[in-house]
Amino acid sequence: QVQLVESGGGLVQAGASLRLSCAASGRTFSTYAMGWFRQAPGKEREFVAAITWSGGSTTYADSVKGRLTISRDNAKNTVYLQMNSLKPGDTAGYYCAAAPTFSMVVAGQGSWGQGTQVTVSS
C-alpha cells in the first residue's frame, strides 16, 4: 500500500501551464504503476494518463494527448503531470493513483490521493 499526496494545482488562464506532483510514501513505490485521473463538477472521474513502474511506457486519454505529459522520479518517490496549453475544459480535481500493475491503474483500481484542484479561466 502506498499513500499519495498531490500538489501543484491552482487557478490559471487558458493557454498557461501547470505541473502537478504526487508524492508517495512506502518502499514499494518504484514497483507500482502510477496514473492521473480527473473529475469535473457533476461528472464522473475520468482517466487522464498512466505510466509503468519503470517509466518506459505511458498512455493518455485522447483529450489530453500532446498537451499533458506524465513522468516519474523513483528516487524521489514522485510522479508528475506536466500540463501545457490548458483549456477551460481541463478544469477539474486531479487525482493521483497507484496500483501494482499498469492495467489496474488504467482501470482506476488501487490507492488514491486526496486530489488537487485545477481551474482554467477563459
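Computed from a predicted model, the values in this text were never measured in an experiment.

1. Digging into the environment of Y95
As for its placement among the helices and strands, Y95 is situated in strand β9 (residues 92–99). When its relative accessible area of 17% is taken as the criterion, Y95 is described as buried. Taking C-alpha positions, Y95 is 9.8 Å from E46, a pair spaced 49 residues apart along the chain. Once residues lying within four places of it in the same chain are set aside, the contact partners of Y95 are E6, G35, W36, F37, Q39, R45, W112, G113, Q114 and G115.

2. Quick notes on the nonpolar core
Most often, soluble globular proteins have nonpolar side chains that are buried together. One finds M34, W36, L81 and Y94 to be the most contacted residues of the largest nonpolar core, which totals 37 residues. Elements represented by at least two residues in this core include exactly β3 (18–25), β4 (33–39), β5 (46–51), β7 (68–73), β8 (78–83), β9 and β11 (116–121). A total of six residues in this core trace back to one element, the largest contributor, which is β9.

3. Re unusual backbone geometry
Its identity is not glycine, yet N77 carries a phi of approximately 55 degrees, on the positive side. At S85, a residue that is not glycine, the phi angle is positive and equals roughly 50 degrees. By the secondary structure assignment, S85 is in the loop between β8 and β9.

4. Here's the deal with the environment of Y60
Topologically, Y60 is positioned in strand β6 (residues 58–60). Between the alpha carbons of Y60 and A49 there is a distance of 4.3 Å; along the sequence they are eleven residues apart. Every residue in contact with Y60, bar those within four places of it in the chain, is listed here: F47, V48, A49, K65, L68, T69 and I70. At 2.9 Å, the side chain of Y60 forms a polar contact with the backbone nitrogen of I70.

Parameters at a glance
- Within each chain, residues carry numbers counting from 1 in the order of the written sequence.
- Local features in a predicted model are, by the rule used here, given only for residues with pLDDT of at least 70; side-chain atom pairs are given and counted only at 80 or more, and totals for whole chains, interfaces and linings are based on all residues.
- Heavy atoms from the whole structure form the basis of all side-chain values; hydrogens and water molecules are not counted.
- Each helix is a run of H or I in the DSSP string that is no shorter than four residues. Each strand is a run of E no shorter than two, and both are numbered from the N terminus.
- Three labels apply to residues, based on accessible area from a 1.4 Å probe with only protein chains included: buried if under 20% of the type maximum, exposed if over 50%, partly exposed otherwise in between.
- The criterion used for residue contact is that any of the two residues' heavy atoms lie within 4.5 Å.
- In plain words, nonpolar cores are sets of buried Ala, Val, Leu, Ile, Met, Phe, Trp, Tyr and Cys residues tied together by side-chain atoms within 4.5 Å.
- Definition of a polar contact: a pair of N or O atoms within 3.5 Å, with one able to donate and the other able to accept a hydrogen when the atoms are protein atoms, and with sequence-neighbouring residues admitted only if both atoms are side-chain atoms.

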